[in-house]
Structure formats: C-alpha cells, structure tokens
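Per-entry structural report
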Amino acid sequence: MMIDWDNLGFNYIKTPYRYLSIWKDGEWDEGTLTEDNTLHIHEGSAALHYGQQSFEGLKAYRCKDGSINLFRVEENARRMNRSAERLLMAQIPEEKFIHAVKEVVKANEEYVPPYGTGATLYIRPLLIGIGEGVGVNPAPEYLFTVFCTPVGAYFKGGLTPTNFIVSDYDRAAPQGTGAIKVGGNYAASLYPGQEAHDRHFSDCIYLDPATHTKIEEVGSANFFGITKENQFVTPLSPSILPSITKYSLLYLAEHRLGLEVIEGDVYLDQLDQYTEAGACGTAAVISPIGGIQTFDSFHVFYSETEVGPVTQKLYDELTGIQFGDVEAPEGWIQKV
C-alpha cells in the first residue's frame, strides 16, 4: 500500500473490507464483512426508481498515541433512523450501526491516515430499498452497507475563506425531505451548484423555500454567523439537515468560548450584523465564508483572505477534540 497521506484529495480509494447486511421478512441478518465493493441488487429496486435510500457520513481520526477516535457516531445512527422513518425504510438498531462502523474501521485500520497529516478515514453508511418491485411502494427488502476511504484535509495549508452566491433554486420543499439525509436532496443541488462554480464561487446558498428571505443552507453544509455582540447564530428551519457538526459547534461556542448561541432566522437583508460567517459539516468541518453575492450586492464578512478569530477558535477546539488533543465533552468520543 503506497499512499501519499499529505496529498490526499476527497476521492474514493478502495479499501479491503466493507460491511453488508440485508433486511428481509421483518428482520436483519447478522451482517458480515466482505471484500466485494460492488452491490448486486434487483433491477426493480425502489432505491433506483423512487429514491428510497439514505446515507450518512462520519470519520475515524488517528490520535497522537496511535489509537483511533470516532466522533459522536451514535448521532449518525439516530439521524439515519430518522431518515429511514420518513421514507418508510427498515430502521437499523443503534448498536448494529455502531458495531458495523467499528468493524469496518478495524478491518481497514492500515488505511486510517497517520496523526499530523490532517487526513482522516471517511466512513459512508448507506441504506437502500431493494428487491422486486415496480410500483410506487416501500421496498420488500433493505440493504445496509458501510464502506470507508481515506481522505485528505479539506483545507490545504489551513483554513481559507471562499465566496458563495445566493441561488434562485430551492434545496428542499417546505415539509419535504430537507431535514433528512437522502440522495434526492443532493441530486437537486447539482445543477445550482454547477452554476455557482461556473461563476467562480465555491457553492451556492439556499434560501428558505417559502419566502426566499432567509438563509437556510450553504451547498451541502449548514450556515453559521458570529454577530458583533459575540453571538453564534445558525438558521432554524424544518427544511434544514440537522448537522452533527453544527450542533457540536453550538455546544462548544457556548460552553468553551462563552458565546451566546441562537438558532433562529438569518435574514438576507441583515447580513451586516455578522462579523464572521462559515459553513460547517463532516467533510469540510468549517469552511469560512469570505463573502456572499446576493441578488443585488456582494457582502464581505471578516475578510476574503483571512479567517476570523472566533471561527479559528471553533475550528481548533473541534478538531482538537476529534484528534484527541483536547478534552471532549462526555460521550462525544468512542474508541475503536
């Protein structure tokens, strides 16, 4: 195995083992590790025709002492089950989910990048509806798999602010599936995301679908802003995916940095009250927002080239916890 750990991108690299389990006749089988990275499913599978599928994303972190950390893995299990409930899919017992993740990390331990490289082992649990079918109905069977791949640090050379543009498109409908992690939400984001890239922005910003006056999400990440009064503010809406990273930052902002935290409306015409802003999620951790192109103006936050001090502190605290260098709140870390 020859991997340049310091120059990894966010791409798929085949690892030796993945976990596979099938739900049929009302129960899950025991599940097993397999070396086959191709899924063999029926052509009538509901996942292919009607989008009955959900996925998660989390990481394994190599610590300085060589041990391996998982960050809030039980929250991923619970979120996947909320997605399954919304799409009438078989739910996965939390202990089965966590067991599968740990087994995959253990089996592929040599692919967990070394401490200090900034790289991690990205873990992708996937739940799909399979089996014979052609009508618009829940699938008769379900497949749960977990695979992993080493990925590089999202930021080469540290945090770098980038610019975003407000989109005319909606990410999700009111009372739709915006709050669950399903592929259809991401498929719908490809076209507006490409439009943003074509205009040399990092990604687009989606507004609330009902009024188009409030920020909801930044590409496939959650938004946060720091006000002049030292408040950590993040949007609250039934259309937003509840990011585990965002809720971790809410806790750290309040309990470690002493900020007032608010989940509420972030109006597009009131951006001048924010001194810093960022996007947050598993892949990017924190992506500082330099500026936002709205429909009629370009608003710059702290700087287009430098990271704001609060954003930097939040990033250092969160990544320090994940890699084992900073004491974690109780229950946040599980060892593999």
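Residues numbered from 1 in each chain as written. Predicted model: local features only at pLDDT ≥ 70, side-chain atom pairs only at ≥ 80, totals over all residues. Heavy atoms only, no water.

All right, on to the environment of S167 then. Residue position: S167 is located in the loop between β9 (162-166) and α4 (183-198). The spatial distance from the C-alpha of S167 to the C-alpha of I292 is 11 Å, given a sequence separation of 125 residues. Excluding residues that lie within four positions of it along the chain, S167 makes contacts with P192, C204, I205, Y206 and F295. Separated by 2.9 Å, the side chain of S167 and the backbone nitrogen of Y169 make a polar contact. (Helix = DSSP H or I, 4+ residues; strand = E, 2+ residues; numbered from the N terminus. Contact = heavy atoms within 4.5 Å. Polar contact = N/O pair within 3.5 Å; in protein donor to acceptor, adjacent residues only side chain to side chain.)

Segmenting the protein chain into domains produces domain 1 (18-151) and domain 2 (162-322). Spacing between the C-alpha centres of domain 1 and domain 2 amounts to 26 Å. Counting residues at the interface gives 19 residues for domain 1, matched by 21 residues for domain 2. Between domain 1 and domain 2, a total of about 1,600 Å² is buried, with carbon and sulfur atoms accounting for 60% of that surface. In this assembly, domain 1 and domain 2 are joined by zero salt bridges. Of all elements in the fold, only β4 (53-55), β5 (58-62), β6 (68-71) and α2 (73-86) reach the threshold of two or more residues within the side of domain 1 that touches domain 2. At six residues, the largest contribution of residues to the side of domain 1 that touches domain 2 is made by α2. (Domains from an automatic or database assignment. Buried area = accessible area lost by both parts, 1.4 Å probe. Salt bridge = Lys/Arg side-chain N within 4 Å of Asp/Glu carboxyl O.)

Now for the environment of I92. Along the polypeptide, I92 turns up in the loop between α2 and α3 (94-107). Classification of I92 by relative accessible area gives buried; the value is 2%. Once residues lying within four places of it in the same chain are set aside, the contact partners of I92 are W28, M80, N81, F97, L127 and F144. (Buried < 20%, exposed > 50% of the residue type's maximum accessible area, 1.4 Å probe, protein only.)

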